[in-house]
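# Results of the structural survey
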Amino acid sequence: MIQVKGITKYYGEHAAIRDLTFDIDEGEVIGFLGLNGAGKSTTLKILGCVLLPTSGEVRVDGIDTAAAPEEVRRRIGFLPDTPPLYNEMTVGRYLAFAARLRGVAPGDVADRVASAEERTSLRTEHDELIGTLSHGYRQRVGVAQALVHRPKLLIFDEPTSGLDPKQIVEMRSTIRGLRGDHTILVSSHILSEISQTCDRLLIIQAGEIVDQGSEEDLAARLSPGRSVTIEVDVAGPPDVALTILGRVPGVIDASLLSRAGELSSLQVSAATDLRAPIARALVLGGVDLVRIDRAAGRLEDIFLQLTQGLGPGPGAGSQSRQDRQGQSEGPQ
Amino acid sequence: MNATLLIARRELGTYLRSMTGYIIAALLLLVDGLLFNIFAIGGDDKLSAQVLAQFFFYTSGLTMIASVFLSMRLLAEERQTGTIVLLMSSPVGEAEIVLGKFLSGITFLAMVLALTLFMPLLVLVNGKIAPGHLVAGYLGLLLLGSAAMAIGTLGSTLARTQVLAAIFSACMVTAMVLAWMLVKVTERPFNDVFASLAIHGKHFMPFQEGTIHVRDVVYYLVVTMVALFAAVRVMEVRRWR
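Fair warning: this is a prediction, and the values are worked out from it, not measured in the lab.

Turning our eyes to something else, we now look at the overall build of chain B. For chain B, the helix and strand inventory stands at twelve helices and zero strands. Starting at the N terminus and walking to the C terminus, you meet the elements of chain B as α-α-α-α-α-α-α-α-α-α-α-α. In terms of overall size, chain B behaves like a compact globule, its C-alpha atoms giving a radius of gyration of 19 Å where 241 residues would be expected to give roughly 18 Å. The C-alpha extent of chain B, read off along each of the three principal axes, is 60 × 45 × 30 Å.

Residues and elements named next belong to chain A. On the basis of which strands lie adjacent, the open sheet formed by four strands has the order β2-β1-β4-β5 and antiparallel pairing. Edge positions in the open sheet fall to β2 (14-24) and β5 (63-64), since each of these has one partner strand only. Two elements, strand β1 (residues 2-11) and β2, share seven bridges in a ladder whose sense is antiparallel. Of the residues in β2, the one forming a bridge with Y11 is H14.

Helix length check: helix α6 (residues 165-178) of chain A (14 residues) gives 20 Å between terminal C-alpha atoms against 20 Å at 1.5 Å per residue, within 8%. Two residues or fewer past α6 of chain A, G180 of chain A is found with a positive phi of approximately 100 degrees.

This brings us to the nonpolar core. Grouped burial of nonpolar side chains is what soluble globular proteins tend to show. The biggest cluster of nonpolar side chains holds 133 residues, and the ones touching the most others in it are Y94 and I155 of chain A. The residues touching I155 of chain A, leaving out its near neighbours within four places in the chain, are L44, L47, G48, I76, F78, L79 and L185 of chain A.

The side chains of a regular strand alternate between the sheet's two faces. Residue and element names in this part refer to chain A. Among the five residues of strand β7 (residues 153-157), five are classified as buried, and the element is accordingly described as predominantly covered. Residues L153, I155 and D157 line one face of β7 and the alternating positions L154 and F156 line the opposite face, and both faces are buried. Across four bridges, strand β6 (residues 76-79) lies against β7 in parallel orientation. Bridge pairing links G77 to L154 in β7.

This paragraph deals with the sheet that holds strand β14 (residues 288-294) of chain A. Residue and element names in this part refer to chain A. Taken together, four strands build an open sheet; the order of strands is β12-β13-β11-β14 and the sheet is antiparallel. Only two strands of the sheet have a single partner each, and these edge strands are β12 (251-260) and β14. Pairwise comparison of adjacent strand axes, ignoring direction, gives a mean angle of 20 degrees for this sheet. Where β12 lies against strand β13 (residues 263-270), eight bridges are found, and the strand directions are antiparallel.

Moving on: the domain arrangement of chain A. Looking at the assigned domains, one finds that chain A contains domain 1 (2-220) and domain 2 (228-294). Here domain 1 of chain A and domain 2 of chain A have C-alpha centroids that lie 41 Å from each other.

Residue and element names in this part refer to chain B. Running from N to C, helix α1 (residues 2-17) and helix α6 (residues 94-115) cross one another at 40 degrees; their axes reach a closest spacing of 7 Å. By the angle class used here, α1 and α6 are oblique. When the axes of α1 and α6 are compared, the crossing they make is right-handed. Every residue of α6 that contacts α1 at A3, T4, I7, A8, E11, L12 and Y15 is listed here: E96, I97, L99, G100, K101, L103, S104, T107 and F108. Looking at the contact of α1 with α6 residue by residue, the classes come out as nine nonpolar, four polar and three charged.

Moving on, we get to the environment of R102 of chain A. Relative to the elements of secondary structure, R102 of chain A occurs in the loop between α3 (91-101) and α4 (109-119). It is 9.4 Å that separates the C-alpha atoms of R102 of chain A and I76 of chain A, two residues lying 26 residues apart in sequence. Sequence-distant contacts of R102 of chain A, defined by excluding residues within four places in its chain, comprise R74 and H149 of chain A together with S90 and P91 of chain B.

Our focus in this paragraph is the interface of chain B and chain A. Counting residues at the interface gives 18 residues for chain B, matched by 23 residues for chain A. Broken down by secondary-structure element, the contributors of at least two residues to the side of chain B that touches chain A are α1, α5 (84-88) and α12 (214-240) of chain B. Per-element tally for the side of chain B that touches chain A: the top contributor is α1 of chain B, with five residues. Of the residues that constitute the side of chain B that touches chain A, the class distribution is eight nonpolar, seven polar and three charged.

Here we come to the packing of α3 of chain A against helix α5 (residues 135-147) of chain A. Residues and elements named next belong to chain A. Relative orientation of the contacting elements α3 and α5 amounts to 30 degrees, with a least axis distance of 9 Å. With respect to their mutual orientation, α3 and α5 come out roughly parallel. Seen from above, α3 lies across α5 with right-handed handedness. Facing α3, whose interface residues are V91, Y94, L95 and A98, α5 presents V141, A144 and Q145. The residue makeup of the contact of α3 with α5, split by class, is six nonpolar, one polar and no charged.

In most cases, non-glycine residues show a negative phi, while peptide bonds are predominantly trans. Cis geometry is found at the peptide bond from R188 of chain B to P189 of chain B, where omega equals 5 degrees. Examined against the element boundaries, P189 of chain B turns out to sit in the loop between α9 (162-185) and α10 (190-197). Phi is positive for E158 of chain A, which is not a glycine, with a value near 50 degrees. Topologically, E158 of chain A is positioned in the loop between β7 and α6. Residue classification places E158 of chain A among the buried residues on the basis of 23 C-beta atoms within 10 Å. Located in the positive-phi region is A206 of chain A, a residue other than glycine, with phi close to 50 degrees.

Procedures and definitions
- Residues numbered from 1 in each chain as written.
- Chains lettered and ligands numbered in written order.
- Predicted model: local features only at pLDDT ≥ 70, side-chain atom pairs only at ≥ 80, totals over all residues.
- Helix = DSSP H or I, 4+ residues; strand = E, 2+ residues; numbered from the N terminus.
- Rg over C-alpha atoms; globule rule 2.2 N^0.38 Å.
- Pairing = 2+ DSSP bridges.
- Expected span 1.5 Å × (residues − 1).
- Core = buried A, V, L, I, M, F, W, Y, C linked by C-beta atoms within 7 Å.
- Buried ≥ 20, exposed ≤ 12 C-beta atoms within 10 Å, placed from the backbone.
- Contact = placed C-beta atoms within 7 Å.
- Axes fitted to C-alpha atoms, helices over the stretch in contact; angles between N-to-C directions.
- Domains from an automatic or database assignment.
- Parallel < 35°, antiparallel > 145°, perpendicular 65-115°, else oblique.
- Left-handed = near helix turned anticlockwise from the far one by under 90°.
- Nonpolar A, V, L, I, M, F, W, Y, C, P; charged D, E, K, R; others polar.

Laid out in structure tokens, this is it:
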């Protein structure tokens, strides 16, 4: 769906992004992860054909963005970090304007607007002035304008920025609902957003892609041999549970973290994610299992390693990038 | 062309729904009415044609000022609020965006100018006016307004804020008005060049007297096209910067 080959963008003397190369397949949901100022928005604006790169090539659906930008824009729905909303328009009129602007036939506009409002839960706000909406609803209108013309590719730049926890959950659910119908590229610096919504991560730092892959791939590559930490809460004394856990194949260590009344919290180190066999063993052993989960912070660790140079080091990062470039150049 | 009309219609709706458009229109009508009463009708007895010529003279100055203020928001506001991304990420060319914005501004200006029509019609109470004079005068105002609006649109693409856009545009329009004054302090061939460049003076005077010269019509159309072309180029360059 998207082929990015060696794009660089300079703002004056400053390179916002440098020699970015990556591919995105049709139907994928990609998380674009980076700290503020890493070059995420610039990259997304280039993919959205709002900006042109200083050098390099971007193809969307096989079309060169520099040669036929208007053709590419027909296939893209773009939500920038600040939703481009006209406060004096009603939601319905604004979406109809966006649809017409993207080439939707006048006869189809009402249906498309209704469909976009349905998908973003905006039906009851159809006649509301955009200027009177809360931040969460404005963000939804931003998503609705991006998908009103049913583009193949949706690009969302920090769609949860400034939302409260409830609105974040709703936005996440909205984006999940779009999966399957569109290829989706979501940027964020909220790590849990990316982890829960996306199939694959592209991690950008100082204008360069420092790594890419699923969370599992990244964890395996960055911390080979490192154990997976699993948290287990059981009702009653921990002794029986610890004994059972010690017998589960693959468990390296099991220890008591804390006790609060009848609840014992245990921590298990394992070579791989053993949540299923651990749960099975505990239940079969007659232990009342209250909760089992992987310890939080894994993705945060990966992210910090990649963006702060705590991981495999620049040599490894550039090596993996070169490998990927080599791989992507192969089939072309 | 569809996108141009779509953008123009939305933009015109913004003028009609916001206070800014009405304030500019009201001020133009107020000041024009005062000038008409004090200078055009007031004072010594005049011929109807002289009253009409003075009305067009004063209205032309106000038309240029109104054009600068009406055009300042066209693209600068979109950049300021980030809504320009909606247009830039849509399958619409820069020329369509600029033309749509310009069309909305000139249409609103034409509506405001139409509201001044009662003043020349008042002359009919005690005098006579030639319909041709009226047509020529209003055509001149529209062409002058079109050139000033196009320069304003260029200023609006150059600036990040509406205030800066108004300052840029006012400077450009003022420079083109002042070119007429340079005619008096320079010698040939420079005074001929300044006279040809001046946005008012030589090119507007015939219209206010009721005469239409193709030369003047072409001048205003060329200024409009050059300014709009420059605005389109600025927009295109922004994608690379």
